[in-house]
Amino acid sequence: MFKKNIFFLAFLIVFCNNLLANDGYHLWLQYSYVENASLRQEYLTALEKLSTSGNSETIKIASKELNRGLSSMLGPEFSSTSTNNNGNTLIFGAKANLSEDVILQLGNAFNEINEEGYIIKSYSLKGKNHIIITGNSDIGVLYGVYNFLKLLQTNKSIEKLNIIDSPKIKVRILNHWDNLDRTVERGYAGFSIWDWHRLPDYLDPRYTDYARANASVGINGTVLNNVNANALILTPQYLEKVEALANVFRPYGIKVYLTARFSAPIEIGGLKTADPLDADVINWWKEKTKEIYNRIPDFGGFVVKANSEGQPGPQDYDRNHVDGANLLATAVAPFNGIIMWRAFVYSEHDTTDRAKQAYPEFVPYDGQFKDNVIIQVKNGAIDFQPREPFHPMFGAMPKTPIMMEFQITQEYLGFSTHTIFLPTMYEETLQADTYRKGKGSIVAKDLDGTLHNKRLTGMAGVSNIGNDINWTGNPMLQANWYGYGRLAWDPYLSAESIADEWLRLTFSNNKKFIEPVKEMLLNSREAAVNYMTPLGLHHIMDTGHHYGPGPWVSNLSRPEWNPIYYHKADSLGIGFDRTSTGSNATEQYAPEVANVFNDLNSISEKNLLWFHHVPWDYKLKNGKTLWDAMALKYQEGVDQVASMITTWNQMESYVDAERYNNIKMLLNIQYKEAKWWRDACLLYFQQYSNMPLPEGVEKPTQTLEYFQSLEFPFAPGN
Ligand code: BDP
């Protein structure tokens, strides 16, 4: 009997565990069953019947999604074809396909949305309650459907709906740094999801799921290949594959873009030059572009990394970025294509502070780029650091469209093992005040075009997606893909609201889960800054792969590739003097901003060592010396990760076993590595400060030599 019970129990445990298994593949589209019976009843009553207007591929997708979402959330009681009902109907379709009486219900709403916007509205007619989801285009309807489903997923009432929403930014794209051999530069979630070898004939269902996930957050474009581009992508052999992907993505409102290698006319075109003013080169790009548009009529355009980190570009021919960008812009203009020309440029032949190099190459040329060129600027002037002051180019080019480039993949943020919620970081930059047109000239306003009245607007996110089953290598980091998409749609959203929404969609609506885990996510970025680069330190990661600490690295050929270039620690102090006594990088900001950065009394201590070289015994606002404060910050970061672990360990009963355990193991790695960061950095900097570790900071368990001896020849993403 006892034995039998044990077997039964074991069976139950295995069964339940399996039931609860969730590999994370479905991202934020979990469509979990609505447990709350009265809410479920409200939904069932309102959604007795679904009525579709239109029959495009996009509308079919919307319909499929509604049926999929509603049957999963409402269970067998939901039936879209039920005849036993009172006639309460959900109607969805674009304006052109709606009947006059339905349009009448919507008043002026259509004038308030743009081509991609949507309206969700409740109304009553002849005693029946209806909900209409519509827009000016089928894509607008699809966005509306995803947002409607989100209401149910987050357990909101759908009784009196009146939602009118449009994307504030036009080009909302992912940049894949994916190579043709399927490795992903700075990718930490497996290999590329693009299976080039089997394309175009084999269409992995994952391409559709990818498009669906992106459409559900409003992402409308994807750059398939690495900014360090291979010209082969522009050959017919590969364009055929690109075309196949474009066909899958199209009904989801997603356009395909490619990176263009500037020297492609030489490499695959047989020309002797890639000079942007050469007639043959001009013609080659025109013909190449025509060939692409013949295959892909809605091709989005090109992204170009030129004259940066050894990539070819117009400067190789004594031309400038305007010449280069306009060459390609002219080629794609007849087809409504755009050129995203990157401002991530710095040269090994230039001894100026790297943070200053992009600005003079672009800002003086404001107004000279063609209308369909948009300059793609990273959030900060160095490179995707855990914290960077906003890039001085934002707001500084009133006549040239400027788009944001955020990094979603965690190149400098511990790779995909570290749970770091990035919308907090994005929000910090988007809300930063450039003062270019007085107070309130925040970065988000340059991006959505309202600051300088720009028509072409955009945001790019360097993807964290790979072929890992959960897409991002860590279920928690799906939040960064999601959050990026939400901010590209509306750069004024708060990180807090995004965390709330994402957690509900992805895990649970239970308050006991949401509140603590939301807090954990919202603090996670500051934790990372603390255990990696507190007080304005930057780029002290180990070299090449950027995995782990390497503040001691000093042997690389280019000065700005060495961490010692950035922290400048010596016996007197630490930090990069970028004020007027130093590199004067602050002069590239509006005077109101520069004054704050220049002044030790007004600068935020979060940016202190970014702009100032400060003595070790310099007193911070809390009365502590710089050395003590820095050591305590490193410790604080470690403690914050410990508290993330404590929080997570209490969440077991709210999460499926699979994701719970994945995240638990990853958090433990993060904790180990946070301590590694603290110990290695403090031991290294202590050689210069010559001061003891303050009370409250744990003693390192290894020597500096040990940390310096660590090597990672196969670190991913390199
Ligand atoms: C750096 C990366 C490098 C990229 C480069 C870029 O280390 O892999 O190619 O940025 O953005 O952060 O072009």
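Residues numbered from 1 in each chain as written. Predicted model: local features only at pLDDT ≥ 70, side-chain atom pairs only at ≥ 80, totals over all residues. Heavy atoms only, no water.

- In the nomenclature of an unreviewed UniProt entry, the protein corresponds to Xylan alpha-1,2-glucuronidase from the organism Confluentibacter flavum.
- Note on the protein: under the UniProt heading Sequence similarities (unreviewed entry), the record states "Belongs to the glycosyl hydrolase 67 family." (UniProt positions renumbered as here; feature names shortened; annotations may be inferred.)

**Observations regarding the overall build of the protein**
For step 1, the next point in the chain: Looking only at helices and strands, the protein has 23 helices and 15 strands in total.
For step 2, the next point in the chain: The C-alpha atoms of the protein give 27 Å as radius of gyration, which agrees with the globular expectation for 718 residues (27 Å, within 12%).
For step 3, the next point in the chain: If one aligns the C-alpha atoms of the protein with their principal axes, the spans along those axes are about 80 × 80 × 50 Å.
For step 4, the next point in the chain: If you take every contact in the protein between residues at least 6 apart in sequence, the share linking residues at least 24 apart comes to 73%. (Helix = DSSP H or I, 4+ residues; strand = E, 2+ residues; numbered from the N terminus. Rg over C-alpha atoms; globule rule 2.2 N^0.38 Å. Contact = heavy atoms within 4.5 Å.)

**Some words on the domain arrangement of the protein**
Many analyses report the size of an interface as the accessible area lost when the parts associate.
For step 1, the next point in the chain: In terms of domains, the protein is made up of domain 1 (2–165), domain 2 (171–506) and domain 3 (530–576 + 613–709).
For step 2, the next point in the chain: Computed from C-alpha atoms alone, the centre-to-centre distance between domain 1 and domain 3 is 46 Å.
For step 3, the next point in the chain: Contacts between domain 1 and domain 3 engage seven residues on the former and four residues on the latter.
For step 4, the next point in the chain: Carbon and sulfur atoms supply 49% of the area buried between domain 1 and domain 3, which totals about 450 Å² over both sides.
For step 5, the next point in the chain: Inspection of the domain 1/domain 3 interface yields zero salt bridges. (Domains from an automatic or database assignment. Buried area = accessible area lost by both parts, 1.4 Å probe. Salt bridge = Lys/Arg side-chain N within 4 Å of Asp/Glu carboxyl O.)

**Brief notes about the pairing of strand 12 (residues 402–407)**
For step 1, the next point in the chain: Burial of strand 12 is extensive: six of the six residues sit out of reach of the surface.
For step 2, the next point in the chain: The alternating pattern of strand 12 places Ile402, Met404 and Phe406 on one face and Met403, Glu405 and Gln407 on the opposite face, and all of these are buried.
For step 3, the next point in the chain: Bridge analysis of strand 11 (residues 373–378) against strand 12 gives four bridges, and the strand direction is parallel. Along strand 12, the bridge assignment pairs Val377 with Met404.
For step 4, the next point in the chain: Relative to strand 13 (residues 458–462), strand 12 runs parallel, the two being bridged by four bridges. Following the sheet pairing, Glu405 is matched in strand 13 by Ala460. (Buried < 20%, exposed > 50% of the residue type's maximum accessible area, 1.4 Å probe, protein only. Pairing = 2+ DSSP bridges.)

**Digging into the pattern of salt bridges**
For step 1, the next point in the chain: For the coordinates displayed, the defined rule picks out 33 salt bridges.
For step 2, the next point in the chain: The salt bridge partner of Lys290 is Glu287, with a shortest N-O separation of 3.3 Å. Separated by three residues within a single helix, Lys290 and Glu287 lie in helix 10 (residues 279–295), roughly one turn from each other.
For step 3, the next point in the chain: In this structure, Glu428 engages Arg525 in a salt bridge whose closest nitrogen and oxygen atoms are separated by 2.9 Å. Of this pair, Glu428 sits in helix 13 (residues 423–430) while Arg525 sits in helix 17 (residues 511–532), and the two are 97 residues apart along the sequence.

**Quick notes on the packing of helix 3 (residues 57–74) against helix 6 (residues 138–153)**
For step 1, the next point in the chain: Interhelical geometry of helix 3 versus helix 6 gives an angle of 5° and a closest axis separation of 9 Å. One element, helix 3, and the other, helix 6, form an angle in the roughly parallel class. In contact with Thr58, Ile59, Ile61, Ala62, Glu65, Leu66, Gly69, Leu70 and Met73 of helix 3, helix 6 contributes Asp138, Ile139, Val141, Leu142, Val145, Tyr146, Phe148, Leu149, Leu152 and Gln153.
For step 2, the next point in the chain: Here the contact of helix 3 with helix 6 is composed, by residue class, of 14 nonpolar, three polar and two charged. (Axes fitted to C-alpha atoms, helices over the stretch in contact; angles between N-to-C directions. Parallel < 35°, antiparallel > 145°, perpendicular 65-115°, else oblique. Nonpolar A, V, L, I, M, F, W, Y, C, P; charged D, E, K, R; others polar.)

**Re the confidence of the model for the protein**
For step 1, the next point in the chain: Model confidence for the protein is summarised by a mean pLDDT of 95, while 96% of its residues fall at 70 or above.
For step 2, the next point in the chain: In this model, residues 10–19 is a region of pLDDT below 50 whose contacts with residues beyond four sequence positions or in other chains number one contact. (pLDDT = per-residue confidence, 0-100.)

**Topic: the nonpolar core**
For step 1, the next point in the chain: Within the largest apolar cluster, 224 residues are counted, with the highest numbers of intra-cluster contacts made by Phe148 and Phe685.
For step 2, the next point in the chain: Not counting residues within four places of it along the chain, the set of residues in contact with Phe685 comprises Leu537, Ile540, Pro551, His567, Ala569, Ile574, Trp616, Trp627, Met630 and Tyr634.
For step 3, the next point in the chain: Within the second largest apolar cluster, eleven residues are counted, among which are Ala109, Ile113, Ile119 and Ile132. (Core = buried A, V, L, I, M, F, W, Y, C linked by side-chain atoms within 4.5 Å.)

**Some words on the sheet that holds strand 4 (residues 128–134)**
Sheets are built from strands that pair by backbone hydrogen bonding, the pairs being arranged parallel or antiparallel.
For step 1, the next point in the chain: The sheet built from five strands is open, its strands ordered 1-2-4-3-5 with mixed pairing. One side of each edge strand has no neighbouring strand; the edge strands of this open sheet are strand 1 (49–52) and strand 5 (162–165). Neighbour-to-neighbour, the strand axes of this sheet turn through a mean angle of 20°, independent of strand direction.
For step 2, the next point in the chain: As paired elements, strand 2 (residues 89–92) and strand 4 share four bridges and run parallel to each other. Residue pairing for strand 4: Thr89 is matched across the bridge by His130.

**Quick notes on helix 7 (residues 205–217)**
For step 1, the next point in the chain: Spanning 13 residues, helix 7 covers 19 Å between terminal C-alpha atoms, matching the ideal 18 Å at 1.5 Å per step.
For step 2, the next point in the chain: Summarising burial for helix 7: eleven of the 13 residues are buried, a large majority.
For step 3, the next point in the chain: All of the buried residues along helix 7 are Arg206, Tyr207, Asp209, Tyr210, Ala211, Arg212, Ala213, Asn214, Ala215, Ser216 and Val217.
For step 4, the next point in the chain: Where the residues of helix 7 are buried, they touch helix 3, helix 6, strand 6 (171–175), strand 7 (221–223), helix 8 (236–249) and helix 15 (478–489).
For step 5, the next point in the chain: Just beyond helix 7, the residue with positive phi is Gly218, at close to 95°. (Expected span 1.5 Å × (residues − 1).)

**Observations concerning the sheet that holds strand 11**
For step 1, the next point in the chain: Sheet architecture is closed into a barrel: eight strands sit in the order 6-7-8-9-10-11-12-13, paired in parallel fashion. Taking each pair of neighbouring strands and ignoring which way they run, the sheet shows an average axis angle of 25°.
For step 2, the next point in the chain: With three bridges joining them, strand 6 and strand 7 adopt parallel strand pairing. Following the sheet pairing, Ile173 is matched in strand 7 by Gly221.

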